[in-house]
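Residue-level structure breakdown
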Amino acid sequence: MQRTIFYLVFLLSSFSLSAQDFKFDINAGYLLATTRFQVDLNQLNIFTPNDPFIQNGDLDETNSESGFFIGLGGQLRFSEKVGLTGHINYASYAESSYFQIPVLLNYYLGDSGLNIQAGPQFSYILEDLSVFEDDINKLNIGAGAGLGYDFTENLFLEARYIFQLNDYFKIDNAPKIKTNYLNLGLGYRF
């Protein structure tokens, strides 16, 4: 993971040297993590198929937790209408902490400062998973979309939703766990 962060910082630095329209920024805000837990109880083989306590053999629960994120990043503007934004954010909610690394294409609508964002997000779990290390994907991959608004050249607001694409567990017959994120934040470019 340290190597990945080094490469991202190097890449952002390279953009700043080769492009006049690159600006570093800081950002922070509110995070809402929504986790969906699904399991087919019949596949676990711990109950008989005729068990009266199992209704249709599925367990499907959703839980939401509030948290925060803070990070560093930057934006490379290719033109007045198109930009590329990347961040390395520390995110925390409940007892979980992650690095969130969104890489978003920005399309600006006219001269209003309003932009549409879309792109991947990589989330890396920072907790020590010890015993379960081989069974869990520490790197989660998501697809995101959102809106941004530039109040000035420096001050901006972002709101985006990230859908996790891969499963939390690597192993077969494990519960299906996916966490989606809503990020609402302010940033400052310099």
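The structure under discussion appears in the preceding block.
In this report, we go over the structure that sits alongside the text. Note that this is a predicted model, so its numbers are computed, not measured. (Residues numbered from 1 in each chain as written. Predicted model: local features only at pLDDT ≥ 70, side-chain atom pairs only at ≥ 80, totals over all residues. Heavy atoms only, no water.)

1. Some remarks on the overall build of the protein chain
Counting secondary structure elements, the protein chain contains 1 helix and 8 strands. Each helix (α) and strand (β) of the protein chain, taken in turn from the N terminus, gives the series α-β-β-β-β-β-β-β-β. When each of the 190 residues of the protein chain is scored for burial, the buried share is 36%. Approximately 11200 Å² of the protein chain is accessible, and the part contributed by carbon and sulfur atoms is 61%. (Helix = DSSP H or I, 4+ residues; strand = E, 2+ residues; numbered from the N terminus. Buried < 20%, exposed > 50% of the residue type's maximum accessible area, 1.4 Å probe, protein only. Areas by Shrake-Rupley, 256 points an atom, 1.4 Å probe, with all protein chains shown as cover.)

2. Quick notes on the side chain of N89
By the secondary structure assignment, N89 is in strand 3 (residues 82-93). Residue N89 is classed as buried on the basis of its relative accessible area, which comes to 0%. Side chain to side chain, N89 and N27 meet in a polar contact 3.1 Å long. Look past the residues within four positions of N89 in its chain and what remains in contact with it is N27, F69, I70, G71, L72, Y98, F99, Q100, P102 and R160. (Polar contact = N/O pair within 3.5 Å; in protein donor to acceptor, adjacent residues only side chain to side chain. Contact = heavy atoms within 4.5 Å.)

3. Focus on unusual backbone geometry
Although it is not a glycine, A94 sits at a positive phi angle of roughly 50 degrees. Positionally, A94 belongs in the loop between strand 3 and strand 4 (96-108).

4. Considerations on the pairing of strand 7 (residues 155-164)
Here strand 7 shows a clear split, with F156, E158, R160, I162 and Q164 buried on one side and none of L155, L157, A159, Y161 and F163 buried on the other. Note that strand 6 (residues 139-150) and strand 7 share 9 bridges and pair antiparallel. Bridge pairing links G146 to R160 in strand 7. What sits between the antiparallel neighbours strand 6 and strand 7 is a turn of 4 residues. (Pairing = 2+ DSSP bridges.)

Keep in mind these values describe shape, not function.
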